[in-house]
Amino acid sequence: MALFEKEKPKNVVVVILDDLGYSDLASFGSDIKTDSIDALANDGVRYSNFHATPTCSPSRAALLTGRDPHRVGMGLVSRFDFGERYPAFRGRISENAVTMAELLAENNYGTYGVGKWHLLPPSDMKPSGPFTHWPSGKGFQRFYGFLAGSTDQFKPELFEDNHFVEREFDEDYILTRDLMDKAIKMLHNHVSYSPERPFFMYIATPGMHAPHQASKPYLEKYRGAFDHGWDEEILQRLQRQQDMGLLPKSITLPEKDKRVKNWSTLTAEQKKVYARLQEVYAAFLEETDVELGRFFEQLKRLQQYDNTLVVLLSDNGASQEGDVNGNINHSSHYSGNIETVSDISSRIEEIGGPRTASNYPLGWAASSNTPFRYFKQDTYSGGVNVPLIVKPVKSQARKLEANSVRHQYHFISDIFPTVMDYLDIKIPDQFDGRRQLPFDGISMRYSLEKPSAEDQRETQFYRMGFHRGIYADGWSAVFRHQQGEGTEKSQWQLFNLKEDIAQAKDLSKQFPDKLNKLKGIWETEAEKVNADGMLNPKALKVLRTAKQLFAPNNKSKTYRFYPETSYVVEKSAPQIVGKSFDIRIDIESGANAADGLLFTYGNRDSGFILYMDKGKLVFEYNYFDNIASFGKQSRFVSSSSLDKSVSKFELQFRQQDKDQAIVKIVQAGKVLAEGRIPNTISGRLSHEGASILKEWAVSVSDHPKAKIPFNGQLKYIEVEVL
């Protein structure tokens, strides 16, 4: 008897968590409290052998289109656009790949979304659009969330539909709660006003991507919970996974990453700091789970739960971006700075709160990925094996066994065809007059209906930058590229996943012919999805050295901002990292005695700010000031009040060698302040963007006048990148 009713299920909910490791949910092995998600698992099935891409944007593109992300132009995160020569790396979803939201909207579904988008290029992330690749251009009738890859839990960058949201944040504000409030409101509106129509709800949580932040009660709950360390945590999680039937008893754990030290060898200070960073991660996850639970409860209250298909998964494995020690500054990692244990220890009581933006160290990321090798961004299992829970519509034909598990090999592009198969919606060859790209996903419905069914996915291609991986008929071949080298120097490894799902035993020397066969399959699959061409690794190293790695496709060098201009996110803000620039300000005559913020770029982690204090212009440059070992705040104040009869003045910033800069405050040719900044930011100024006249994020400066809106009359502010 079939598991699924012939009658179409009414609703679809897809929940994608961010950087959640394979073992982080209690239903996948951890002892972190995730009751809401675990209840979902109890009503459905868990997949032990499910895979995503190694990073966020490609996984989301594959999820929403059912195609390999390279095929649709999202082979890397969306901030990279390498131009028409490299169609796999355009930072946007091709118009020839219909999304799940577009197809469901075409079939009379209400389509809603909240949370992280991260599927449009930097050049499109402006208040003026274009909006083609915003959610509203990809089939979502309503969307509330944030455009970039991450944001602050306490003061986030928000947009709604096709405009940025400027708002005040209460002291107890938490982004995930706000997102779920919006999702619940969308749900109530839909069921109240369009009860005859089904709905699709896409929930992309900010958790568990850094910054790791949570409300105080959750932070306090986990004090001391991880003092036993990551080595013991891995063993505990593995035992639970085996007891649950997720993993075989015969499994062998792979070698640890060489950067992860044995917990027993750490100092008392290291243990204290590292444990606290993991406590914050756990608090963030439980709070995320509780907020998701509020939405699930509303489905039940509105009598929609039983006729709703729910899919919950992670976009990739746990992140290695916290490096060896972890961090409390979300931007320092991107400039190549390593925070010391003492840096973090000195602010340990602030970790998880609004004045820090933490990430955990590699050892805890390794435990998150138990039992797998390596991390997010890697094509090894730790980067791509992720938890998946599917709760079908309640079946009158046959109930699922509680907490049942499926072991078939599947990939994130298989979600789209599974949903459409389940809804009996045909995936079109043409959509909106456009010929559609070939489809890569396959339906997983067979595995839901028959737990013991043989795998139907025969191959799966992986690429993340220059890391490579291929799965074929139970075997996996992978390599981890060393930065700056040609790919020909990278050593492939070979694993028999039927006997060694954790990739513990390399068989490349034992079966060289098998390895060569898989390498050939990788080349064939790469060509099929346009992923065989990319910049040479050595050329990319040159770009990184030249500080062009994060530059968006935006040729404009002069930006003029008028008083009512909305803030702009970092990726579309003036790209001034490693460059000289001028900021020219024109205010109404006589307003030079005013106070308050004029221009700000960045946040408390890094950035700069211009403001007036009793008629004097102040410029502050924050070089990771909250990190004691290398941070510094440079401050320049005009020597006298600005001339009220002259409406224009400017800040001149001249980049020098060795990441230094010369700063001048000038009015009518007269230098009112001058000095040297000993360290300027490389790589990425901040995770947050630019604004005029008022603070919209966590302030770059703690000075009172930097936090209040400018109370004079501004004509415009002009930024020229030289």
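Scroll up to find the structure this text is about.
Since the model is a prediction, treat every value here as computed from it, not as a measurement.

Focus: the overall build of the protein chain
Within the protein chain, the secondary structure is distributed over 14 helices and 29 strands. Taking 722 residues into account, the globule formula puts the C-alpha radius of gyration at 27 Å, and the protein chain, at 26 Å, falls close to it. In terms of overall dimensions, the protein chain has C-alpha extents of about 85 × 60 × 50 Å along its principal axes. The buried share of the protein chain, reckoned over its 722 residues, is 64%.

Some thoughts on the sheet that holds strand β15 (residues 459–464)
Adjacent strands of a sheet form backbone hydrogen bonds with each other and so pair up, either parallel or antiparallel. What the four strands build is an open sheet, ordered β15-β16-β17-β18; its pairing is antiparallel. Looking at strand neighbours, the two that pair on one side only are β15 and β18 (493–496), the edges of this open sheet. Across the sheet, the mean angle separating the axes of adjacent strands is 10° when strand polarity is ignored. The strands touched by helix α13 (residues 512–528) within the sheet are β15, β16 (467–472), β17 (475–479) and β18, with β16 carrying the most contacts at an inclination of about 105°.

What about the nonpolar core?
Here is a general trend for soluble globular proteins: nonpolar side chains tend to be buried in one another's company. In terms of nonpolar packing, the biggest core is built from 190 residues, with F200, Y202, F295, I583, F599, F608 and F619 touching the most fellow members. Looking at this core, the element that brings in the most residues is helix α7 (residues 268–301), giving 14 residues. Beyond its immediate sequence surroundings of up to four residues, Y202 is in contact with V14, I16, R60, L63, L64, Y112, G113, V114, K116, F140 and F143. Counting residues in each nonpolar core, the second largest holds 15 residues, with W475, L494, L515 and A531 among its members.

Overview of the sheet that holds strand β5 (residues 142–146)
Across the sheet, 10 strands lie side by side as β7-β6-β5-β4-β8-β1-β9-β10-β2-β11; this open sheet has mixed pairing. The outermost strands of the open sheet, each flanked by one partner alone, are β7 (163–165) and β11 (404–406). The mean angle between the axes of side-by-side strands here comes to 15°, regardless of whether they run parallel or antiparallel. Of the pairings in the sheet, the one linking strand β4 (residues 110–116) to β5 comprises five bridges and is parallel in character. What sits directly across from G113, in β5, is F143. Against the sheet, helix α11 (residues 415–423) touches β1 (11–17), β9 (308–314) and β10 (388–391), its axis set at about 170° to β9.

A few points about the pattern of salt bridges
Across all of its chains, the model carries 53 salt bridges by this definition. The salt bridge partner of K571 is E570, with a shortest N-O separation of 4.0 Å. By relative accessible area, K571 is classed as buried at 4%. Between D582 and R654 there is a salt bridge, and its shortest N-O distance comes to 2.8 Å. On the criterion of sequence distance, the pair formed by D582 in strand β20 (residues 581–587) and R654 in strand β25 (residues 648–655) is long-range, its members being 72 residues apart.

With respect to the packing of aromatic side chains
To describe a pair of aromatic rings, you give the distance between the ring centres and the angle between the ring planes. Tallied over the full model, the rule gives 44 aromatic pairs. An angle of 65° between the planes, with centres 6.3 Å apart, marks the rings of Y562 and Y716 as edge-to-face. Placement of the pair is Y562 in the loop between β19 (558–561) and β20 and Y716 in strand β29 (residues 714–721), with a sequence separation of 154 residues. Looking at Y562, the relative accessible area reads 43%, which means it is partly exposed. Within the aromatic cluster, the residues linked to one another by ring pairs are W117, F131, W134, F140, F143, F159, F164, F200, Y202 and Y567. In this structure, R480 is placed above the aromatic ring of Y374, and the distance from its NZ or CZ to the ring centre is 3.7 Å.

Points about helix α6 (residues 230–244)
For α6, spanning 15 residues, the distance from its first C-alpha to its last is 21 Å, which sits close to the expected 21 Å at 1.5 Å a residue. When α6 is considered as a whole, its buried residues turn out to be W230, E233, I234, R237, L238, Q241 and Q242. Viewed along the axis of α6, the buried residues span an arc of 165°, placing them on a single side of the element. Buried-residue contacts for α6 involve α7 and α9 (362–368). The first or second residue beyond α6 is G245, which carries a positive phi of 85°.

Looking at the packing of helix α4 (residues 175–193) against α7
Working note: a packed helix pair is described by the angle between its axes plus the distance between those axes. Where α4 meets α7, the axes come as close as 10 Å, and the angle between the chain directions of the two elements is 10°. When the axes of α4 and α7 are compared, the pair comes out roughly parallel. Taking contact as the criterion, the partners of T176, R177, M180, D181, A183, I184, L187 and H188 in α4 are, on α7, F284, E287, T288, E291, L292, R294, F295, Q298, L299 and R301. Here the contact of α4 with α7 is composed, by residue class, of eight nonpolar, four polar and six charged.

Examining the environment of F159
Tracing the backbone shows F159 in strand β6 (residues 158–160). Looking at F159, the relative accessible area reads 0%, which means it is buried. Expressed as a C-alpha distance, the spacing of F159 and F146, which sit 13 residues apart in the sequence, is 5.7 Å. Dropping the residues within four chain positions of it, F159 is found in contact with W134, P135, F143, Y144, G145, F146, L147, F164 and V165.

Quick look at unusual backbone geometry
A cis amide bond links G129 to the next residue, P130, at an omega of 5°. Positionally, P130 belongs in the loop between β4 and β5. Cis geometry marks the peptide bond from T370 to P371; its omega dihedral reads 10°. With respect to the helices, strands and loops of the structure, P371 is situated in the loop between α9 and α10 (381–384). Look at H118: it is not a glycine, yet its phi comes out positive at around 60°. Along the chain, H118 falls in the loop between β4 and β5. A positive phi angle, close to 55°, is found at Q503, a residue other than glycine.

Overview of the pairing of β1
A large share of β1 lies buried, amounting to seven of its seven residues. Taking every second residue as pointing to the same face, both faces of β1 are buried, with N11, V13, V15 and L17 on one and V12, V14 and I16 on the other. The sheet contact formed by β1 and β9 spans seven bridges and is parallel. Across the sheet, V15 pairs through a bridge with L312, a residue of β9.

Thoughts on the packing of helix α1 (residues 35–43) against α7
For the pair α1 and α7, interaxial distance at closest approach is 7 Å and the crossing angle is 50°. One way to sum up the angle between α1 and α7 is to call them oblique. For the pair α1 and α7, the contacting residues are D35, S36, I37 and L40 in the first and D289, V290, L292, G293 and F296 in the second.

Here we look at the side chain of S404
Relative to the assigned elements, S404 resides in strand β11. Given the relative accessible area of 7%, S404 is considered buried. Every residue in contact with S404, bar those within four places of it in the chain, is listed here: G44, V45 and R46.

Rules used in this analysis
- Residues numbered from 1 in each chain as written.
- Predicted model: local features only at pLDDT ≥ 70, side-chain atom pairs only at ≥ 80, totals over all residues.
- Heavy atoms only, no water.
- Helix = DSSP H or I, 4+ residues; strand = E, 2+ residues; numbered from the N terminus.
- Rg over C-alpha atoms; globule rule 2.2 N^0.38 Å.
- Buried < 20%, exposed > 50% of the residue type's maximum accessible area, 1.4 Å probe, protein only.
- Pairing = 2+ DSSP bridges.
- Axes fitted to C-alpha atoms, helices over the stretch in contact; angles between N-to-C directions.
- Contact = heavy atoms within 4.5 Å.
- Core = buried A, V, L, I, M, F, W, Y, C linked by side-chain atoms within 4.5 Å.
- Salt bridge = Lys/Arg side-chain N within 4 Å of Asp/Glu carboxyl O.
- Phe/Tyr/Trp six-rings, centres within 6.5 Å; stacked < 30°, edge-to-face > 60°.
- Lys NZ or Arg CZ within 6 Å of the ring centre and 35° of its normal.
- Expected span 1.5 Å × (residues − 1).
- Arc of directions from axis to C-beta.
- Parallel < 35°, antiparallel > 145°, perpendicular 65-115°, else oblique.
- Nonpolar A, V, L, I, M, F, W, Y, C, P; charged D, E, K, R; others polar.

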